[in-house]
There are 2 protein chains.
Amino acid sequence: MFRQTSEFLEWFAEQQRVQRHRVTPVPLEELDGWSFDPETGNLGHRTGKFFTIEGVEVETDRRETPAWSQPVIVQPEAGVLGIVVQEFDGVPHFLLQAKMEPGNINLLQLSPTVQATRSNYTRVHAGRPVPYLEHFLGPSRGRVVFDALQSEQGAWFLAKRNRNMIVEARGHVPVRPGFCWLTLEQIGELLRADNLVNMDTRTVLSGLPWNWRGQAEAPLVGRLDGFADWTGERSLHRMTDLRSALTEVRSTAVFRRRRVPLADVKGWSHSGTSVTHEDGRFFSVMGVDVEAEGREVSRWSQPMLAPAGRGLIAFLARHIEDRLHLLVRLRTEAGTFDVAELGPTVQCLPSNYRHLPIERRPRYLGRVRLAPRSATLLDVVHSEEGGRFHHAENRYVVVADEDAPLDPGEGFVWMTPCQLAAFAQHANQVNVEARNLLTCLRFLR
Amino acid sequence: MFRQTSEFLEWFAEQQRVQRHRVTPVPLEELDGWSFDPETGNLGHRTGKFFTIEGVEVETDRRETPAWSQPVIVQPEAGVLGIVVQEFDGVPHFLLQAKMEPGNINLLQLSPTVQATRSNYTRVHAGRPVPYLEHFLGPSRGRVVFDALQSEQGAWFLAKRNRNMIVEARGHVPVRPGFCWLTLEQIGELLRADNLVNMDTRTVLSGLPWNWRGQAEAPLVGRLDGFADWTGERSLHRMTDLRSALTEVRSTAVFRRRRVPLADVKGWSHSGTSVTHEDGRFFSVMGVDVEAEGREVSRWSQPMLAPAGRGLIAFLARHIEDRLHLLVRLRTEAGTFDVAELGPTVQCLPSNYRHLPIERRPRYLGRVRLAPRSATLLDVVHSEEGGRFHHAENRYVVVADEDAPLDPGEGFVWMTPCQLAAFAQHANQVNVEARNLLTCLRFLR
């Protein structure tokens, strides 16, 4: 246990020394074990396991572009993202690990206790068993605090979900090398740092029940003038109406999707080195060789998805009836599991829109970017999961905007953070970007 | 408004006289507007609208049979099943209609205020507008009591969902011919009758929040000795653990499904007259010509699915910690939207299993069938939706069985009716058979 953040930082620096690793970009066609299917152009592993890169074609009335095709990661199996929690001296502590992922900017980040694909934990690659897995699966698992299948990035994954779990362990839990106990307060401090608390930890924590064990919500927001009271008991809309809004979109939207061969995706070029968008927008698919210690296996190769720039993930916030409300967008993407999920007000790669006139840029993007510094409640940089995404940084922002319209337009809806957290208790309601931002809002100090 | 059930019955008899209709079985290949695709063998309408009969192939570790293929109804659009509610003298009244459906045994049943496919309400077949639709969609809709996308029969439909809604109307609601106001108590009495309250009405009512407006729950169960106290506040499992059980199945089960041409479905024969299982089990697909008054259009032809016998839909019930608990099965079927949903203890066509040894029959089927009359809390016959299913009767049963095992085995879980109703508030958690049985349990008098 760390008494001060500085102690943690020393420990973490030591982990960076101990866990040696090297990540080397490699042309896709030279990736060991991976190849393009000669017929479809799909990229896959020789075992047929792990994941594939294929194409997807979408038709929808919920985006500016009515139809498009794009490459997409297909990984139908759900992994486990699990955090063990246990009280010491009456204070809940969360067991996290300093874990290397090839796509991480500084390689090591704070991951959940268990972060395992199904291939991992069924040991397809014949590595070592996954430590602490017994707390989440099987007869000796602990008392469940949270357990839901949650969606991953809909712009990059086809209907991918992971099982997000928080479990109170029974009995003594030995701390293995590379693992450490942190309080919610300490995690809240570490959330201030760029690229330290990884995406999986952030998404799992978004599922912690509201005010769980009397843990304070939103210390940052609470300290700001005029945002002291946001318990969410009063709100613009009832939960029934908010659920109804999501039901309406899911039952009336046009959303047709089919998998297509990667070779048939239009507007993308497939060199042997990488798969890229013809205008350099969106993302590319690249390959890496990884050498590491402290992992299940010490050497492997894999494709990764690398975004074309730093993304922006933002909520506009304002008072309504004296409560803080967030502007939520009912968002549809190529890979969305069920038509739409609750997302941030703005979620995009701003560079994708640089060449476009203002009216074709995402709604509210301008309001977020032009917000004065004094209105910024939150502004941190975190990155997406380093097991699939290479240097995928996003700026996570919450901006107070008391002039934002009460009637925000088709596809947008105001709700309190508490209401959003209630949705996040259930599977496939809140997208991963909004869950990550919610965790920052709830816990960052 | 009816002061007594007898008044309703007179009105209903009058409706049967007024709404004339005739349903004539017709060979599939003579069905007006419908034809088998020469390549795939799929059965569809010339407009490409309404629905198709195709094939589906399933592989799963959640059923006795690890893999099979079967015909299935494909109808990707969600319709609206909506009931208008309004208080008169402080008592909520529900607006139902006496509606003809070609598959109904006595043709006329009590349907929701609105029961419209998307083709209906976007008027693909250019009929009359759907009455009362404005209470559910658009700017003048009422206050939402319940709104969720709910699944239909997974054994017959491919991932089909309908939008289930209960809405409190604003202002005066004129009662059109064929419609009537009924209290929950009156509906509860009518639920005793065979094949009177239709499936759509029953599924929508299952979404009524628990103890809504002080409406009494489970008058029938409450009257039975020893089942007086079942408010569900104490229960064997916490909601978190129950949600976790569903998450576990959805994240670990093997469930692979793909659409195949109807011509490729094995074990089924396709004559020009009908599509049937080679052993006469499960169901067949037949055609009907319909002539009717009081419908959007007065004449049409369509295929229907006709089950091979009367089904059994049953909960075992017992006391646990002094509360009534129901034995719920986490059930997977060919068409289940998301791997599994909460279903009844037993849900089958018993005739399918007549030739099989006991150990290959559905678990707990014997316990339900051998239950003494005195242990039967509920035993009524209702039928499935008459717009798609021809004479699809099910016996809906709840049996008290104090010796049922507390540890009911893999895939089964005990929960209180209140907990099951909480799941039914959300989309795709409780299957249509369990929702229907829950409505009988909650409201039947």
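Analysis parameters
- Residues numbered from 1 in each chain as written.
- Chains lettered and ligands numbered in written order.
- Predicted model: local features only at pLDDT ≥ 70, side-chain atom pairs only at ≥ 80, totals over all residues.
- Heavy atoms only, no water.
- Helix = DSSP H or I, 4+ residues; strand = E, 2+ residues; numbered from the N terminus.
- Buried < 20%, exposed > 50% of the residue type's maximum accessible area, 1.4 Å probe, protein only.
- Contact = heavy atoms within 4.5 Å.
- Polar contact = N/O pair within 3.5 Å; in protein donor to acceptor, adjacent residues only side chain to side chain.
- Core = buried A, V, L, I, M, F, W, Y, C linked by side-chain atoms within 4.5 Å.
- Disulfide = S-S within 2.5 Å.
- pLDDT = per-residue confidence, 0-100.
- Axes fitted to C-alpha atoms, helices over the stretch in contact; angles between N-to-C directions.
- Parallel < 35°, antiparallel > 145°, perpendicular 65-115°, else oblique.
- Left-handed = near helix turned anticlockwise from the far one by under 90°.
- Nonpolar A, V, L, I, M, F, W, Y, C, P; charged D, E, K, R; others polar.
- Least-squares fit on C-alpha atoms with pLDDT ≥ 70 in both.
- Salt bridge = Lys/Arg side-chain N within 4 Å of Asp/Glu carboxyl O.
- Pairing = 2+ DSSP bridges.

Things to note about the environment of H382 of chain B
Residues and elements named next belong to chain B. Counting through the fold element by element, H382 comes out in strand β22 (residues 376-383). Taking the relative accessible area as the measure of exposure, H382 reaches 0% and is therefore buried. A sequence separation of 193 residues divides H382 from E189, and the C-alpha atoms of the two residues are 14 Å apart. Leave out the neighbours within four places in its chain, and H382 touches L191, A193, N195, L196, V197, R202, A392, E393, N394, Y396 and C440. Reaching out from H382, the side chain makes a polar contact with the backbone oxygen of L191 at a distance of 3.1 Å.

Some thoughts on the nonpolar core
Of all hydrophobic cores here, the largest spans 79 residues; its most connected members are F8, F94, L182 and L420 of chain B. Discounting residues that sit within four places of it in the chain, F8 of chain B has contacts with F2, L110, C180, L182, L190 and L196 of chain B. Membership of the second largest hydrophobic core comes to 78 residues, among which are L158, L196, L242 and A434 of chain A.

Quick notes on the state of the cysteines
Residue and element names in this part refer to chain A. Going through the model one piece at a time under the given rule, you end up with zero disulfides over all chains. The thiol sulfur of C348 is not disulfide-bonded, and the nearest other cysteine sulfur, from C440, lies at 17 Å. Free of any disulfide, C418 has its nearest neighbouring cysteine sulfur in C440, separated by 18 Å.

Describing unusual backbone geometry
Positioned with a positive phi, L107 of chain A is a non-glycine residue whose angle comes to about 65°. Residue placement: L107 of chain A occurs in the loop between β7 (91-100) and β8 (108-111). Positive phi, normally seen in glycine, also occurs at Y364 of chain B, with a value near 75°. Within the secondary structure, Y364 of chain B sits in the loop between β21 (346-348) and α7 (365-369).

Remarks on the confidence of the model for chain A
Of the residues in chain A, 95% have a pLDDT of 70 or more, and the chain-wide mean is 93. Counting interchain partners and residues more than four positions distant, the pLDDT-below-50 stretch residues 225-232 of chain A has 25 contacts.

Thoughts on the packing of helix α6 (residues 239-252) of chain A against helix α8 (residues 417-424) of chain A
Residues and elements named next belong to chain A. The geometry of α6 relative to α8 is characterised by a closest axis approach of 11 Å and an angle of 55° between their N-to-C directions. In this view, α6 runs oblique relative to α8, as classed from their interaxial angle. The handedness of the crossing between α6 and α8 comes out as right-handed. The segment α6 lies against α8, with M239, L242 and R243 engaging Q419, A422 and F423. In the contact of α6 with α8, the residues fall into four nonpolar, one polar and one charged.

Re the relation of the copies chain B and chain A
Superposition of the two copies of the chain requires a rotation about an axis together with a shift along that axis. Placing chain B over chain A gives an RMSD of 0.0 Å and needs a rotation angle of 180°, together with 0.0 Å of translation along the axis. Such a turn and shift between the copies fits a two-fold axis. Considering only C-alpha atoms, the part of chain B nearest the rotation axis is H426 of chain B, at 4.6 Å. Here 100% of the contact residues of chain B are again contact residues in chain A; the copies associate through an equivalent surface.

Examining the pattern of salt bridges
Taken as a whole and assessed by the stated rule, the structure comprises 50 salt bridges over all chains. In this structure, the salt-bridge partner of E54 of chain B is R259 of chain B, at a minimum N-O distance of 3.2 Å. Of this pair, E54 of chain B sits in strand β4 (residues 52-60) while R259 of chain B sits in strand β13 (residues 255-260); the two residues are 205 residues apart in sequence, bridging distant segments of the chain. The network of salt bridges with shared partners includes E87, R143, E168 and R213 of chain A.

What to know about the pairing of strand β17 (residues 299-307) of chain B
All names here are of chain B. The element β17 is extensively covered by neighbouring structure, given that eight of its nine residues are classed as buried. As judged from the nine bridges shared by strand β16 (residues 283-292) and β17, these two strands associate in the antiparallel manner. When the bridges of β17 are listed, S284 appears paired with A306.

Quick look at the side chain of D147 of chain A
Tracing the backbone through its elements, the reader meets D147 of chain A in strand β10 (residues 143-151). Since its relative accessible area comes to 4%, D147 of chain A is described here as buried. Here D147 of chain A is in contact with R141, R163, N164 and M165 of chain A together with S244 and T247 of chain B, once residues within four sequence places are set aside.

Brief notes about the environment of S151 of chain A
Residue and element names in this part refer to chain A. Checked against the element boundaries, S151 lands in strand β10. In this structure, the C-alpha to C-alpha distance between S151 and R435, residues 284 residues apart in sequence, is 9.9 Å. With near-sequence residues (within four places) excluded, S151 lies in contact with K160, R161, E341, N428, V430, N431, V432 and R435. A polar atom in the side chain of S151 sits 2.7 Å from the side chain of E341.

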